[in-house]
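If you want the building blocks of each chain, they are given just below.
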Amino acid sequence: MNHGATTPAARRSEPPPPAARPPGRPAAGPPRARHDHGTFAIRIARDGTWYYRGSPINRKELVCLFASVLRREADGSYVLETPAERGRIEVEDAPFVAVEMWWHECAGRSCVSFRTNLDEIVTADADHPIRVAVDPVSREPRPYVTVRPGLEARITRAVFYEMVARARPERMADGREVLGLWSEGVFFPIDEVPPPEPAAAPLAPAGAAP
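Residues numbered from 1 in each chain as written. Predicted model: local features only at pLDDT ≥ 70, side-chain atom pairs only at ≥ 80, totals over all residues. Heavy atoms only, no water.

## What to know about the side chain of Thr 146
Phase 1 of the analysis: For Thr 146, the position within the fold is in strand E11 (residues 141-148).
Phase 2 of the analysis: With sequence-adjacent residues up to four places away left out, Thr 146 is seen in contact with Val 122, Asp 127, His 128, Pro 129, Leu 151 and Glu 152. (Helix = DSSP H or I, 4+ residues; strand = E, 2+ residues; numbered from the N terminus. Contact = heavy atoms within 4.5 Å.)

The following block contains the structure:
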């Protein structure tokens, strides 16, 4: 049984790590122009799995290395970018997945933190907001939290259910009452407060005429 070992064939199917100048070594001569590869054959699936030429990249450390140089362009596209090279990649939904959440105090204030599938920790605040989109077809909520500028993690359904269970109602400036979470002094709406159920009609006394 293969306990995480990478076979020579698997290594050949993985992309080379992004080129970068070793730290501490001065650049020789004038800086070279960054080489644009156009599009890399890399795709991040909706579940957070990275693929190269259709095969999953199984080395987590390599995925983390690529994720560290992932950027978002102004047009919404995603690129891997180092001082030496750059290239676009395909992202089906969000580049990361928030797989765990926990509550704690930050200087006496309530905080909500998330762990991504790449073990990056992010605490929801003004710079790392939580947002909930609605699927235009299914009308199901699609929650996200910002990990880095332009890069979000999709919050899994199980984690979102935990968020809803801990949510509290607040009245917004426009008069709407919503459910949401407080973190680092910021309130993040996640759902509408359901309308009250209509009162049941009183039962007629037994034997009464209809």
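Having seen the structure, we can now continue with the description.
## Here we look at the packing of aromatic side chains
Phase 1 of the analysis: What the rule picks out here adds up to two aromatic pairs.
Phase 2 of the analysis: Look at Trp 50 and Phe 66: their rings are 6.3 Å apart centre to centre, the planes differ by 20°, and that puts the pair in the stacked class. Note that Trp 50 is positioned in strand E2 (residues 50-52) and Phe 66 in helix H2 (residues 60-68), a separation of 16 residues in sequence. Of the two residues, Trp 50 and Phe 66, neither departs from the other in class, the shared state being buried.
Phase 3 of the analysis: Centroid distance Trp 182 to Phe 187: 5.3 Å. Interplanar angle 50°. Geometry classified as tilted.
Phase 4 of the analysis: The class for Trp 182 is partly exposed, based on a relative accessible area of 33%.
Phase 5 of the analysis: Using a relative accessible area of 15% as the deciding quantity, one classes Phe 187 as buried.
Phase 6 of the analysis: In this structure, Arg 43 packs its charged tip against the face of Tyr 51, placed 4.4 Å from the ring centre. (Phe/Tyr/Trp six-rings, centres within 6.5 Å; stacked < 30°, edge-to-face > 60°. Buried < 20%, exposed > 50% of the residue type's maximum accessible area, 1.4 Å probe, protein only. Lys NZ or Arg CZ within 6 Å of the ring centre and 35° of its normal.)

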